[in-house]
Each structure stands twice: as C-alpha cells, then as structure tokens.
Amino acid sequence: VQLQASGGGLVQAGGSLRLSCVISGRTFSSNVMAWYRQSPGKQRESVARLTSFGTIEYADSVKGRFTISGDGAKNTVYLQMNSLKPEDTAVYYCNQVSWVGVLKYDYWGQGTEVTVSS
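Residues numbered from 1 in each chain as written. Predicted model: local features only at pLDDT ≥ 70, side-chain atom pairs only at ≥ 80, totals over all residues. Heavy atoms only, no water.

A. A look at the overall build of the protein chain. Looking only at helices and strands, the protein chain features zero helices and 11 strands. Of the regular secondary structure in the protein chain, the N- to C-terminal order runs β-β-β-β-β-β-β-β-β-β-β. If one aligns the C-alpha atoms of the protein chain with their principal axes, the spans along those axes are about 45 × 25 × 25 Å. For the protein chain, with 118 residues in total, the buried portion stands at 40%. Contacts in the protein chain between residues far apart in sequence, at least 24 positions, make up 52% of those at least 6 positions apart. By element, 49% of the accessible surface of the protein chain is carried by carbon and sulfur atoms, the whole surface being about 6500 Å². Placing the 11 positive and 8 negative side-chain charges of the protein chain at their respective mean positions leaves the two points 3 Å apart. (Helix = DSSP H or I, 4+ residues; strand = E, 2+ residues; numbered from the N terminus. Buried < 20%, exposed > 50% of the residue type's maximum accessible area, 1.4 Å probe, protein only. Contact = heavy atoms within 4.5 Å. Areas by Shrake-Rupley, 256 points an atom, 1.4 Å probe, with all protein chains shown as cover. Lys, Arg positive; Asp, Glu negative; His and termini not counted. Charge placed at Lys NZ, Arg CZ, Asp CG, Glu CD.)

Laid out in structure tokens, this is it:
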C-alpha cells in the first residue's frame, strides 16, 4: 500500500486548502484513514479520522474548520481546511491503519507542507 499526499502550500490566514491522499495497492475493508500534522519542535498529532464504518473524529483545534472525506471510486481521502490559522502551519501526513484479524497494517504518506501566514 502506498499513500501519496498533495495539496499543501502557502495561504494567508482565513484562507482554505484541500489536501488529497491517494491510496494505491491492496486495501482492506476494515480500516481507518487519518490526517496527522507535525509542527517544528512538536509531536505529531492527529487532526482527523475517518473509519470504514463512517465514523469521523476531529481534534478540538480543528472542529468546525476542517472536514475529512473519502471517495472510494478514486481511492482518495481529502482534508478540506477552511478558516486557516497560523497555528495550522505544519507538515500534514495521511495515514491508513488496516486490520486483518489480529494483524495490524500501518501506512504513512510522505507529508505535504502547509504554511499559513498571518
């Protein structure tokens, strides 16, 4: 499985970006797609999660501003980011965790950089 993230860039505060994560290779029916981010000097944090059962979770810091969605036909997961703030500046990574029985598979994309200027 390979994950290819894209869509990052430089945007002014209050602006929007949409990140995309294209998944290639074999995928399993039971999985969780997620976006994480990491700012310089900080630990990687979960931003949004979408399970194969349709459950969605967001970090408190992005609730009401970010939306995670998936397009099964395109094998793509999106992160729509609105009302961006300078503190959203980070490298964003997509992640897929799949389970086959008790076996857990964990895959990461290469990251796409988001810079929000004030």
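B. Examining the nonpolar core more closely. Core analysis: the biggest nonpolar cluster contains 25 residues, and W35, V47, F66, L79, M81 and Y92 have the highest contact counts within it. Mapped by element, the contributors of at least two residues to this core are β1 (2-6), β3 (17-24), β4 (31-38), β5 (45-51), β7 (66-71), β8 (76-81), β9 (90-100) and β11 (112-117). The residues touching Y92, leaving out its near neighbours within four places in the chain, are L19, W35, Y36, R37, V47, F66, L79, M81, G111, T112 and V114. (Core = buried A, V, L, I, M, F, W, Y, C linked by side-chain atoms within 4.5 Å.)

C. Local environment of the sheet that holds β7. Pairing is antiparallel in the open sheet, where four strands are placed in the order β1-β3-β8-β7. Of all strands in the sheet, those bounded by a partner on one side alone are β1 and β7. Direction aside, the axes of adjacent strands within the sheet are offset by 15° on average. One ladder, built from five bridges, connects β1 with β3; its direction is antiparallel. Across the sheet, residue S6 finds its bridge partner in β3, namely S20. (Pairing = 2+ DSSP bridges. Axes fitted to C-alpha atoms, helices over the stretch in contact; angles between N-to-C directions.)

D. Representation of the state of the cysteines within the structure. Taken as a whole and judged by the stated rule, the model has one disulfide. Two residues, C21 and C94, share a disulfide whose sulfurs are 2.2 Å apart. Every disulfide takes its handedness from the sign of the S-S torsion; for C21 and C94 that torsion is 65°, giving right-handed. Of this pair, C21 sits in strand β3 while C94 sits in strand β9, placing them 73 residues apart in sequence. Of the two residues, C21 and C94, both sit in the buried class. (Disulfide = S-S within 2.5 Å.)

E. Looking closely at the environment of S83. Within the secondary structure layout, S83 lies in the loop between β8 and β9. Here the alpha-carbon distance between S83 and V62, two residues 21 residues apart in the chain, equals 9.5 Å. Sequence-distant contacts of S83, defined by excluding residues within four places in its chain, comprise G14, G15, S16, R65 and D88.

Nothing here speaks to function; it is all geometry.
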